[in-house]
Amino acid sequence: MTPAAVAGLVLAAGRSRRFGAANKLLVAWRGRPLIHHPVAAARAAGLDPVIVVTGHEAGRVRAALDDFPVEFAHNPMFETGLAGSLAVGIDRVAATEAAGAVVLLGDMPRIDAAILETLVARFRAVGGDRVCRPVHDGRPGNPVLLPRRLFARVRDLTGDTGARVLLAGEGDRLEDVRIDSEAVLFDVDHDMK
């Protein structure tokens, strides 16, 4: 692994309450479970390692990803919110040599390898120390690439807070990356129903 290596961190622990009764990560989308798509994109983009954080129905999520060489990190406290899953995953990434981590939401199936490669290329081009956030039509989206220097601060987040609160304080160390795809804004809870 090179010093500029970037990990993929796929958050797949939640209960999918806004989606309805089914675990949305296991619902078929284009012939595969929803969780399959962001994991496939991360692998295709060369993110290394790819770590999937599980929680709710962990066994079923793992089984849906049997054909991928990924690592799993389990968040037994997944019901306390997104921040706990993010911390569990970042702890795993911090144990590697990765310079940063692309935080992918497990319910964003339209993210593809090209989007991830664009984020990683910009991250490396600006020195590997800035947050890289995709922007489409002036609107910020996901996934976000976090540099290693923010890993300790991620562990301080609580509740259902994602990395967005960290981005607010980044100022000129936040790199908006123009992406010509609505995939970075796709919300499966609204757009797939």
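Everything quoted here is computed from the prediction, not taken from an experiment. (Residues numbered from 1 in each chain as written. Predicted model: local features only at pLDDT ≥ 70, side-chain atom pairs only at ≥ 80, totals over all residues. Heavy atoms only, no water.)

**Some remarks on the side chain of His 36**
Position of His 36 relative to the elements: it lies in helix α1 (residues 36-44). Beyond its immediate sequence surroundings of up to four residues, His 36 is in contact with Leu 65, Asp 67 and Phe 68. (Helix = DSSP H or I, 4+ residues; strand = E, 2+ residues; numbered from the N terminus. Contact = heavy atoms within 4.5 Å.)

**A closer look at helix α4 (residues 113-125)**
Every α-helical turn comprises 3.6 residues, leaving residues that sit three or four positions apart pointing alike. For α4, which comprises 13 residues, the first-to-last C-alpha distance of 18 Å matches the rise-based estimate of 18 Å (1.5 Å per residue) to within 8%. Residues of α4 that are buried: Ala 113, Ile 115, Leu 116, Leu 119, Val 120 and Phe 123. In an axial view of α4, the angular spread of the buried residues amounts to 165 degrees, which keeps them on one side of the axis. The secondary structure elements touched by the buried residues of α4 are β1 (6-12), α1, β6 (100-105), β7 (131-136), β9 (144-147) and β10 (174-178). A side-chain oxygen of the first residue of α4 lies 3.2 Å from the backbone nitrogen of Ala 114; this N-cap is Asp 112. Residue Gly 127 follows α4 closely and has a positive phi angle near 100 degrees. (Expected span 1.5 Å × (residues − 1). Buried < 20%, exposed > 50% of the residue type's maximum accessible area, 1.4 Å probe, protein only. Arc of directions from axis to C-beta. Polar contact = N/O pair within 3.5 Å; in protein donor to acceptor, adjacent residues only side chain to side chain.)

**Side note on the nonpolar core**
Among the nonpolar cores identified, the biggest contains 36 residues, and Ile 35, Leu 47 and Leu 116 are the most heavily contacted of them. Among the elements that line this core, the one with the most residues is α4, at 6 residues. Contacts of Ile 35, omitting those with residues within four sequence positions, involve Val 10, Ala 12, Leu 25, Val 61, Ala 64, Leu 65 and Gly 106. Formed by 26 residues, the second largest nonpolar core is a distinct cluster that contains Ile 51, Ala 101, Leu 157 and Leu 166. (Core = buried A, V, L, I, M, F, W, Y, C linked by side-chain atoms within 4.5 Å.)

**Remarks on helix α3 (residues 82-94)**
Taking 1.5 Å of rise per residue, 13 residues should cover 18 Å, and α3 covers 18 Å from first to last C-alpha, within 8% of that figure. Listed as buried for α3 are Ala 83, Ser 85, Leu 86, Ala 87, Gly 89, Ile 90 and Val 93. Of the surrounding elements, those touching the buried residues of α3 are β1, β4 (50-54), β6 and α5 (151-154).

**Concerning the pairing of β6**
Counting buried residues in β6 gives 5 out of 6 residues, a clear majority hidden from the surface. Examined bridge by bridge, β6 and β9 share 4 bridges and lie antiparallel to one another. Bridge pairing in β9 links Val 102 to Leu 145. (Pairing = 2+ DSSP bridges.)

**Things to note about unusual backbone geometry**
Each neighbour pair has its own omega, and for Asp 48 with Pro 49 the value is -5 degrees, a cis peptide bond. Of note, the amide linkage connecting Asn 142 to Pro 143 takes the cis form, showing an omega dihedral of 5 degrees. With respect to the helices, strands and loops of the structure, Pro 143 is situated in the loop between β8 (139-140) and β9. Even without glycine at this site, Asp 137 takes up a positive phi of about 50 degrees. Residue position: Asp 137 is located in the loop between β7 and β8. Overall, Asp 137 belongs to the exposed group, its relative accessible area being 67%.

**A few points about the pattern of salt bridges**
As enumerated under the stated definition, the model contains 13 salt bridges in all. For Asp 129, the salt bridge is made with Arg 149, and the minimal N-O distance between the two is 3.2 Å. Of this pair, Asp 129 sits in the loop between α4 and β7 while Arg 149 is found in the loop between β9 and α5, placing the two residues 20 residues apart along the sequence. On the basis of relative accessibility, which here comes to 32%, the residue Asp 129 falls in the partly exposed class. The exposure class assigned to Arg 149 is partly exposed, which follows from its relative accessible area of 27%. A salt bridge links Glu 170 to Arg 153; the shortest N-O distance between them is 3.6 Å. (Salt bridge = Lys/Arg side-chain N within 4 Å of Asp/Glu carboxyl O.)

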